[in-house]
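So the chains spell out like this:
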Amino acid sequence: MTSAPIATAPVDTSATTDALTERLFAAAIAALELETVHLGDRLGYYKSLRESGPINPAAFAKATGTADRYAREWLEQQASAGFITVDDSAAPEQDRRYSLPAGYDAVLVDPVSPNYMPWAAAWAVACAQPMDAIVEAFKTGGGVPWEAYGEAGVRAQAAGSRPNFVHSLASEWLPGVPGLAERLQSGEGARVADVATGGGWAAIEMARAFPGIKVDGLDLDSASIALANDNLRGSGVEDRVTFQVRDAGDPQLAGKYDLVTIFEAVHDMSHPVEALRGCKGLLAPGGVFLIMDENVDDEFRAPGTDYERLLYGFSVLTCLPAGMDAPGAVGTGTVIRPSKLREYAKEAGFSEVIDLPIANDFFRFYQLLP
């Protein structure tokens with residue numbers, strides 16, 4: 001004889017439903033505001049506001065060489081969002097004067113400020129550009145070419161890392177490797193290879209900090225190397241830095257370098273073991289191999305920290321699809337756990353991976369010993 005099903009009281013999910021709805025609504029506002037920040041950055045709007053002081057829409061449009069109606073709409077939207085201020089919101093629309101609040105230039109204008117954030121807005125644009133291709137990659141297991149992320153992706157990658165290189169690379173990170181800073185300061189003409197150099201800011205800042213060294217920035221992406229060469233012009237270190245579309249495994253480069261670096265890029269590589277093996281071949285006797293990558297938890301946890309949420313967002317939309325765009329790609333993703341990097345290093349033939357005692361909220365630092 002079968003028993004009758006036990007009746008259960010319906011579960012009231014209204015509170016959790018409402019909470020998630022509110023969270024996603026707020027995220028929609030934030031996403032759209034990031035897009036408008038990117039627009040303002042591309043058009044030079046924030047820089048113009050910093051230079052002009054309070055300004056009405058017509059004068060602002062003329063100063064920036066943009067259309068009056070569009071400029072006014074952007075000013076109103078930015079004031080509504082609280083990114084800029086308006087002196088009298090009740091005034092006629094063409095008489096209102098808009099300003100960049102004190103201190104906001106560090107966030108919106110100064111590209112070497114530790115608080116600079118337009119790079120995040122550029123990433124929001126870049127991640128959305130190849131959405132149809134990302135959807136297809138999820139279906140097929142294929143990848144998305146890095147080129148599909150456009151100029152926004154190349155510039156976002158470079159702009160996001162630049163403040164760290166300016167403020168921390170020579171003063172904290174390189175001195176965190178025992179004896180390395182002294183070796184670079186020795187004046188003996190040390191050679192450095194910055195692999196996956198991207199926009200080239202690490203190479204440029206190393207050359208600025210250590211006048212006796214020569215740095216070669218290597219990358220397989222031609223758009224990144226073009227940007228790096230643009231960044232090099234006027235830097236003052238043009239005679240000691242070169243940027244090349246070149247594989248680190250090129251046998252002509254073998255054994256030439258006293259320092260090899262990879263900053264925040266192992267997780268992007270389709271074939272990281274082969275790349276690390278190529279970097280091993282670049283080292284001169286006694287050379288140092290330094291890797292910086294994401295400072296994630298040792299193990300997966302859910303819910304995750306805000307930082308891991310950010311990294312997983314990048315991974316789903318950018319790093320994993322781009323990294324999968326090669327036959328036999330391993331598909332690391334942005335959230336590269338220390339155990340995974342050690343696994344790759346061992347397969348590449350390194351004898352030891354040292355966790356360097358360099359304190360940083362966002363990055364871990366490793367020295368790989370041949």
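These figures come from a predicted structure and were not determined experimentally.

What follows covers the packing of aromatic side chains. Enumeration over the complete set of coordinates arrives at 15 aromatic pairs. What links up through ring pairs into an aromatic cluster is the set Phe165, Trp173, Phe263, Phe363 and Phe365.

In this fold, glutamate 308 is placed in helix α13 (residues 306–323). Relative accessible area serves as the criterion here: at 3%, glutamate 308 is assigned to the buried category. Residues within four places of glutamate 308 in sequence aside, it is in contact with Val296, Asp297, Val335 and Arg337.

Of all residues except glycine, most have a negative phi; of all peptide bonds, most are trans. At the junction of alanine 302 and proline 303, the peptide bond is cis and its omega measures out at -5° in the coordinates. Secondary-structure assignment places proline 303 in the loop between β7 (283–294) and α13. With a phi angle near 60°, alanine 196 is a residue other than glycine that sits in the positive phi range. Here alanine 196 is to be found in the loop between β3 (191–195) and α10 (201–209). Judged by relative accessible area, alanine 196 falls into the partly exposed class, the value being 26%.

What follows concerns the nonpolar core. Of all hydrophobic cores here, the largest spans 57 residues; its most connected members are Trp173, Leu174, Leu184, Met206, Leu259 and Phe263. Apart from the residues lying within four places of it in its own chain, the contact partners of leucine 184 are Leu174, Ala190, Val192, Phe210, Ile213 and Leu259. Core analysis: the next-biggest nonpolar cluster, separate from the first, contains 27 residues, Val195, Leu253, Leu282 and Ile336 among them.

Using the criterion set out here, one finds 17 salt bridges in the structure. Measuring nitrogen to oxygen at the nearest pair gives 3.2 Å for the salt bridge that ties arginine 183 to aspartate 258. Here the residue arginine 183 occupies a position in helix α9 (residues 180–185), and aspartate 258 occupies one in strand β6 (residues 257–263), the gap between them amounting to 75 residues. In this structure, arginine 337 engages glutamate 308 in a salt bridge whose closest nitrogen and oxygen atoms are separated by 2.9 Å. With a gap of 29 residues between them, arginine 337 in the loop between α13 and α14 (338–347) and glutamate 308 in helix α13 connect regions that are remote in the sequence. Here arginine 337 falls in the buried class, since its relative accessible area comes to 11%.

Packed helix pairs are specified by the crossing angle of their axes together with the interaxial distance, meaning the distance between the axes. Across the interface, helix α1 (residues 14–42) lies against helix α4 (residues 68–81) with an axial gap of 11 Å and an inter-helix angle of 130°. When the axis of α1 is compared with that of α4, the two are oblique. For the crossing formed where α1 meets α4, the hand is left-handed. Touching Glu33, Thr36, Val37, Leu39 and Gly40 of α1 are Trp74, Gln77, Gln78 and Ala81, all from α4. Here the contact of α1 with α4 is built from residues that sort into four nonpolar, four polar and one charged.

Reading the values: rules and limits
Residues numbered from 1 in each chain as written. Predicted model: local features only at pLDDT ≥ 70, side-chain atom pairs only at ≥ 80, totals over all residues. Heavy atoms only, no water. Phe/Tyr/Trp six-rings, centres within 6.5 Å; stacked < 30°, edge-to-face > 60°. Helix = DSSP H or I, 4+ residues; strand = E, 2+ residues; numbered from the N terminus. Buried < 20%, exposed > 50% of the residue type's maximum accessible area, 1.4 Å probe, protein only. Contact = heavy atoms within 4.5 Å. Core = buried A, V, L, I, M, F, W, Y, C linked by side-chain atoms within 4.5 Å. Salt bridge = Lys/Arg side-chain N within 4 Å of Asp/Glu carboxyl O. Axes fitted to C-alpha atoms, helices over the stretch in contact; angles between N-to-C directions. Parallel < 35°, antiparallel > 145°, perpendicular 65-115°, else oblique. Left-handed = near helix turned anticlockwise from the far one by under 90°. Nonpolar A, V, L, I, M, F, W, Y, C, P; charged D, E, K, R; others polar.

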